[in-house]
Amino acid sequence: MPAIEDFLTQAEEQDIIEAIRSAEQHTSGEIRVHIERHTNLSIELRAMELFHFLKMDNTKLQNAVLIYVAIDDKNFYIYGDKGINDVVPINFWNTTKDTIQNYFIKGQFKTGLVEGVLKAGKALHKHFPKQHDDIDELPNNISKG
Ligand code: CA
Ligand code: CA
């Protein structure tokens with residue numbers, strides 16, 4: 001697998017950021033992407049740890065979602081906050097997960113993340129429509145390491 005800096009080109013990162021912006025046009029939910037090489041923890045635990053580290057648990061409706069990718073582990077996890085889990089079915093993230101997986105298998109990481117972010121936005125839209133007074137509570141960027 002490529003080094004973390006080479007995983008996505010600058011242009012590809014911009015496409016993902018654009019997807020986050022676009023997804024957040026339709027939902028009050030906040031979406032972020034975090035990428036690193038490897039974790040010794042279980043993918044779920046690490047995603048949860050990063051979620052708190054990135055202060056994603058501070059949204060008003062507790063409706064942020066983190067898409068976490070461990071490149072070398074060829075693994076990823078979608079971690080949604082309590083406000084989401086309280087109101088959605090248990091398999092809520094499956095469509096998003098399948099979308100990402102289908103592209104990752106083909107080595108299409110950028111497309112997988114773009115499509116995954118958009119899918120997550122659509123899923124969130126039903127339960128958390130965008131409000132008139134919406135604010136962008138979390139930065140629309142990709143964090144690493
Ligand atoms: Ca928002
Ligand atoms: Ca945001």
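None of these values were measured; they are calculated from a predicted model.

How each quantity is defined
Residues numbered from 1 in each chain as written. Chains lettered and ligands numbered in written order. Predicted model: local features only at pLDDT ≥ 70, side-chain atom pairs only at ≥ 80, totals over all residues. Heavy atoms only, no water. Helix = DSSP H or I, 4+ residues; strand = E, 2+ residues; numbered from the N terminus. Rg over C-alpha atoms; globule rule 2.2 N^0.38 Å. Buried < 20%, exposed > 50% of the residue type's maximum accessible area, 1.4 Å probe, protein only. Patch = residues over 30% accessible without salt bridge, like charges linked within 9 Å, V, L, I, M, F, W, Y side chains within 5 Å. Areas by Shrake-Rupley, 256 points an atom, 1.4 Å probe, with all protein chains shown as cover. Salt bridge = Lys/Arg side-chain N within 4 Å of Asp/Glu carboxyl O. Donors = N, O, S within 2.8 Å, 3.2 Å for Na, K, Ca; no water. Expected span 1.5 Å × (residues − 1). Contact = heavy atoms within 4.5 Å. Axes fitted to C-alpha atoms, helices over the stretch in contact; angles between N-to-C directions. Parallel < 35°, antiparallel > 145°, perpendicular 65-115°, else oblique. Nonpolar A, V, L, I, M, F, W, Y, C, P; charged D, E, K, R; others polar. Pairing = 2+ DSSP bridges. Core = buried A, V, L, I, M, F, W, Y, C linked by side-chain atoms within 4.5 Å.

1. Observations concerning the overall build of the chain
Here is step 1 of the chain: Counting its secondary structure elements, the chain contains 6 helices and 4 strands.
Here is step 2 of the chain: Sequence-ordered secondary structure for the chain, helices as α and strands as β, is α-α-β-α-β-β-α-α-α-β.
Here is step 3 of the chain: Here the C-alpha atoms of the chain give a radius of gyration of 14 Å, agreeing with the 15 Å that 2.2 N^0.38 yields for 145 residues.
Here is step 4 of the chain: Taken over the C-alpha atoms alone, the chain extends approximately 40 × 30 × 25 Å along its principal axes.
Here is step 5 of the chain: Within the span of the chain, comprising 145 residues, buried residues form 46% of the whole.

2. Topic: a nonpolar patch on the surface
Here is step 1 of the chain: A surface patch of nonpolar side chains, amounting to about 230 Å² of accessible area, comprises Leu41, Leu45 and Met48.
Here is step 2 of the chain: Exposure remark for Leu41: the relative accessible area of 36% places this residue in the partly exposed category.

3. Description of the coordination of the calcium ion (ligand 2)
Here is step 1 of the chain: At this site the calcium ion (ligand 2) is bound by Glu24 (OE), Glu24 (OE), Glu30 (OE), Asp136 (OD), Leu138 (O) and Asn140 (OD1), with donor distances of 2.2 to 2.6 Å.
Here is step 2 of the chain: Separating the calcium ion (ligand 2) from the calcium ion (ligand 1) is a gap of 5.6 Å, which Glu30 spans by donating to each of them.

4. Side note on helix α6 (residues 109-127)
Here is step 1 of the chain: Here α6 is 19 residues long and its end C-alpha atoms lie 27 Å apart, about the 27 Å a rise of 1.5 Å per residue gives.
Here is step 2 of the chain: Every buried residue of α6 is accounted for by Phe109, Gly112, Leu113, Val114, Gly116, Val117, Ala120, Gly121, Ala123 and Leu124.
Here is step 3 of the chain: Next to the buried residues of α6 lie α1 (4-7), α2 (10-23), β1 (30-36), β2 (64-70), α4 (82-85) and α5 (94-105).

5. Overview of the packing of α2 against α6
Here is step 1 of the chain: Viewed as axis vectors pointing N to C, α2 and α6 meet at an angle of 5°, and their least axial separation amounts to 8 Å. One finds that α2 runs roughly parallel with respect to α6. Where α2 approaches α6, its residues Glu12, Asp15, Ile16, Ala19, Ile20, Ser22 and Ala23 are matched on the opposing element by Lys110, Leu113, Val114, Val117, Leu118 and Gly121.
Here is step 2 of the chain: Here the contact of α2 with α6 is built from residues that sort into 8 nonpolar, 2 polar and 3 charged.

6. What to know about the coordination of the calcium ion (ligand 1)
Here is step 1 of the chain: The coordination sphere of the calcium ion (ligand 1), as far as protein atoms go, consists of Glu30 (OE), Asp134 (OD), Asp134 (OD) and Ile135 (O), spread over 2.2 to 2.9 Å.
Here is step 2 of the chain: Every donor residue of the calcium ion (ligand 1) comes from the same chain, spaced as E-x103-D-I.
Here is step 3 of the chain: Residue classification places Asp134 among the partly exposed residues on the basis of a relative accessible area of 25%.

7. Some points on the sheet that holds strand β4 (residues 142-144)
Here is step 1 of the chain: Judged by pairing direction, the sheet is mixed, and its 4 strands sit side by side in the order β3-β2-β1-β4 without closing on themselves. Single-partner strands in this sheet number two, and they are β3 (75-80) and β4. For this sheet the average axis-to-axis angle between neighbouring strands, irrespective of direction, equals 20°.
Here is step 2 of the chain: The pairing of β1 with β2 spans 7 bridges and is classified as parallel. Counterpart to Glu30 in the pairing with β2 is Ala64.
Here is step 3 of the chain: Contacting β1, β2 and β3, helix α3 (residues 43-53) crosses the sheet at an angle of about 130° to β2.
Here is step 4 of the chain: Packing against the sheet, α6 makes contact with β1 and β2, and its axis sits at approximately 150° to β1.

8. A short note on the nonpolar core
Here is step 1 of the chain: With 32 residues, the main nonpolar core has Val33, Ile35 and Leu113 as its most contacted residues.
Here is step 2 of the chain: Those elements giving two or more residues to this core turn out to be α1, α2, β1, β2, β3, α5 and α6.
Here is step 3 of the chain: When residues in this core are grouped by element, the largest group, 7 residues, is from α6.
Here is step 4 of the chain: Among all residues touching Ile35, those that are not within four sequence positions of it are Ile4, Phe7, Leu8, Val69, Ile71, Leu113, Ile142, Ser143, Lys144 and Gly145.
Here is step 5 of the chain: Core analysis: the next-biggest nonpolar cluster, separate from the first, contains 12 residues, Leu50, Phe51, Ala64 and Tyr79 among them.

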